[in-house]
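This is what each chain is made of:
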Amino acid sequence: MTRKTRAQSASVTMAMVAARAGVSAQTVSNALNAPELLRPETLERVREAVAELNYRPHRDARALRTRSSRLIGLAVRAADENGVLDRFLHALSLAAGESGYRILLFPASGGDAELAEYEALLSEHSVDAFALTHTDRGDPRPRWLLDHGVPFVSFGRAWGSRLDADWVDVDGADGTAQAVDHLVALGHRRIAFLGWPLGSAVGDDRRRGWTESMRLHRLPVRDLHAQSVGEVEKGAEAAARLLDAGATAVVAVSDTLATGAYLALRDRGLTAGRDVSVVGFDDTPAARVLSPGLTTLQQPLDRVGEECMRLLLARIKRPEAPPEHLLLPPRLVVRGSTAPAPPADGPAGSGGAPSHP
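Residues numbered from 1 in each chain as written. Predicted model: local features only at pLDDT ≥ 70, side-chain atom pairs only at ≥ 80, totals over all residues. Heavy atoms only, no water.

**Comments concerning the environment of Ile316**
Point 1. Note that Ile316 resides in helix α14 (residues 301-317).
Point 2. Overall, the relative accessible area of 21% leaves Ile316 in the partly exposed class.
Point 3. When the C-alpha atoms of Ile316 and Asp128 are compared, they prove to be 8.1 Å apart, with 188 residues separating the residues in sequence. (Helix = DSSP H or I, 4+ residues; strand = E, 2+ residues; numbered from the N terminus. Buried < 20%, exposed > 50% of the residue type's maximum accessible area, 1.4 Å probe, protein only.)

**Side note on the environment of Leu224**
Point 1. Turning to its location among the elements, Leu224 is positioned in the loop between α10 (201-216) and β7 (225-227).
Point 2. Along the sequence, Leu224 and Arg190 sit 34 residues apart, while their C-alpha atoms lie 7.5 Å from each other.
Point 3. Those residues in contact with Leu224 that lie beyond four places of it in its chain are Arg190, Ile191, Ala192, Phe193, Trp210, Leu242, Ala245 and Ala247. (Contact = heavy atoms within 4.5 Å.)

**Brief notes about the pattern of salt bridges**
Point 1. The final tally for this structure, using the stated rule, is 21 salt bridges.
Point 2. Across the salt bridge formed by Arg208 and Glu212, the nearest N and O atoms sit 3.4 Å from each other. Separated by 4 residues within a single helix, Arg208 and Glu212 lie in helix α10, roughly one turn from each other.
Point 3. Owing to a relative accessible area of 37%, Arg208 belongs among the partly exposed residues under this scheme. (Salt bridge = Lys/Arg side-chain N within 4 Å of Asp/Glu carboxyl O.)

**A few points about the nonpolar core**
Nonpolar side chains in soluble globular proteins tend to be buried together.
Point 1. Residues Ile191, Leu194, Trp210, Leu242, Leu265, Val278 and Leu294 are the most contacted members of the largest nonpolar core, which totals 43 residues.
Point 2. Elements represented by at least two residues in this core include exactly α9 (172-185), β6 (191-195), α10, α11 (232-244), β8 (249-252), α12 (255-267) and β9 (277-281).
Point 3. By residue number, the principal contributor to this core is α12, which donates 6 residues.
Point 4. For Val278, the residues in contact, after removing those within four places along its chain, are Val250, Ala258, Ala261, Tyr262, Leu265, Ala272, Leu294, Thr295, Ser337 and Thr338.
Point 5. Counting residues in each nonpolar core, the second largest holds 23 residues, with Leu92, Val170, Leu301 and Val304 among its members. (Core = buried A, V, L, I, M, F, W, Y, C linked by side-chain atoms within 4.5 Å.)

**A word on the environment of Leu183**
Point 1. Looking at where Leu183 falls in the secondary structure, it is placed in helix α9.
Point 2. On the basis of relative accessible area, Leu183 is assigned to the buried category, the value being 0%.
Point 3. In this structure, Leu183 is in contact with His188, Ile191, Ala249, Val251, Ser277, Val279 and Thr338, ignoring residues within four places of it in sequence.

**Describing the pairing of strand β10 (residues 295-298)**
Side chains on a regular strand alternate between the two faces of the sheet.
Point 1. Looking at chain direction, β9 and β10 are connected through 3 bridges and run parallel. Across the sheet, residue Gly280 finds its bridge partner in β10, namely Thr296.
Point 2. Inspection of the sheet shows β10 paired to strand β12 (residues 331-333) by 3 bridges, in the antiparallel sense. Residue pairing for β12: Gln298 is matched across the bridge by Arg331. (Pairing = 2+ DSSP bridges.)

**Quick notes on the sheet that holds strand β11 (residues 325-328)**
Point 1. Strand order across the open sheet formed by 6 strands is β2-β1-β3-β4-β5-β11, with parallel pairing between neighbours. Strands with a single pairing partner mark the edges of an open sheet, and in this sheet they are β2 (102-107) and β11. When the angles between neighbouring strand axes are averaged without regard to direction, this sheet yields 20°.
Point 2. The pairing of strand β5 (residues 167-170) with β11 spans 4 bridges and is classified as parallel. Within the sheet, the bridge partner assigned to Asp169 lies in β11 and is Leu327. (Axes fitted to C-alpha atoms, helices over the stretch in contact; angles between N-to-C directions.)

**Brief notes about the packing of α11 against α12**
Point 1. Running from N to C, α11 and α12 point in directions that differ by 60°, and their axes come no closer than 7 Å. One finds that α11 runs oblique with respect to α12. Remark: the crossing between α11 and α12 carries right-handed chirality. From α11, Val232, Gly235, Ala236, Ala239, Ala240 and Leu243 reach across to α12, where they touch Thr256, Leu257, Thr259, Gly260, Ala261, Leu263, Ala264 and Leu265.
Point 2. Of the residues belonging to the contact of α11 with α12, the class tally is 10 nonpolar, 4 polar and no charged. (Parallel < 35°, antiparallel > 145°, perpendicular 65-115°, else oblique. Left-handed = near helix turned anticlockwise from the far one by under 90°. Nonpolar A, V, L, I, M, F, W, Y, C, P; charged D, E, K, R; others polar.)

**Some points on the pairing of β8**
Point 1. By the alternation rule, side chains of β8 split into Ala249 and Val251 and Val250 and Ala252, which are all buried.
Point 2. Two strands pair when backbone bridges link them, and β6 and β8 are joined in this way by 4 bridges, in the parallel orientation. The partner of Ala192 across the bridge, within β8, is Val250.
Point 3. Both β8 and β9 contribute to a ladder of 3 bridges, which runs parallel. Bridging from a neighbouring strand, Val250 pairs with Val278 of β9.
Point 4. Tracing the backbone out of β8, into α12 and back to the parallel element β9 gives a crossover that is right-handed. (Right-handed = clockwise from strand over helix to strand, strands pointing away.)

**Re the sheet that holds β8**
Point 1. Judged by pairing direction, the sheet is mixed, and its 6 strands sit side by side in the order β7-β6-β8-β9-β10-β12 without closing on themselves. Sheet topology places β7 and β12 at the edges, where each strand pairs with a single neighbour. Across this sheet, the average inter-strand angle for adjacent strands is 20°, counted without regard to direction.
Point 2. Contacting β6, β8, β9, β10 and β12, α9 runs over the sheet at an angle of about 165° to β9.

Spelled out as structure tokens, the structure:
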């Protein structure tokens, strides 16, 4: 084979073979590693596509089928402000251990640098599969793993991607809708949303639940939403604007921003629950030690970890099986930060009725 021919074959991916044969990348992987599982006509179609494209299988991905390390790779990024991923990792580790696997953590920062870490782990035969977190729009990891026939599962949806792969996620929109329903039942009508800047897939999903529920209850949303980065002080600044708009309740995208709402209330001599109700998201340790305790949405992280491991083991065993998706609802945990709405002429937000230019 000439140098040019070798270079061309190296650039051909499993996804390209799958497209030529009209099958999934998992089916191509199965044709290369477990051909006895495929129907003869499907196997022949894949082999013809392999020959036409001069495809050379990724040797390290193929090695996963013949040498099992019983390790699942999981990239660790910057510190998780709410501790959600720490709790997910604990749940995933327990589920993996029950199946005879262990979780291998490695540092990564996203993008091409993270893909290089995946490549290195496969080259060392260090892992059998991967679990992904921090999924967002434009994530290159699912495509790379599918192209190389590597089993994986995501805690988080594909977010706009046309790729179809296994994932488990928590329904953020359902959670914020639960929060609005709870506050409406308490008599609140000016229910604000304190979220992250637009463009965050998770944040946008949680905002969508608030918007749709507010419209369902025929309540106003104008001037009742604000954005902030995930810091308590910045959250307090954004929450202050919502109080000025006359909000009697605030639904926050995270417990961190809900803590910012507490700070904004304190600066005005007001108290969460008694004067303005506040709901967070994630049920972090901070939610239980705030005074009053923070009403918040609790993610079913134990089940997320168990289901991610179940899907991953199924993918390792049957790479050609259709992908599975599981969307789990969070649970509203009611504490002292939510209470009946104050009287119409009582203190709300800045201490009176909102003023508008």
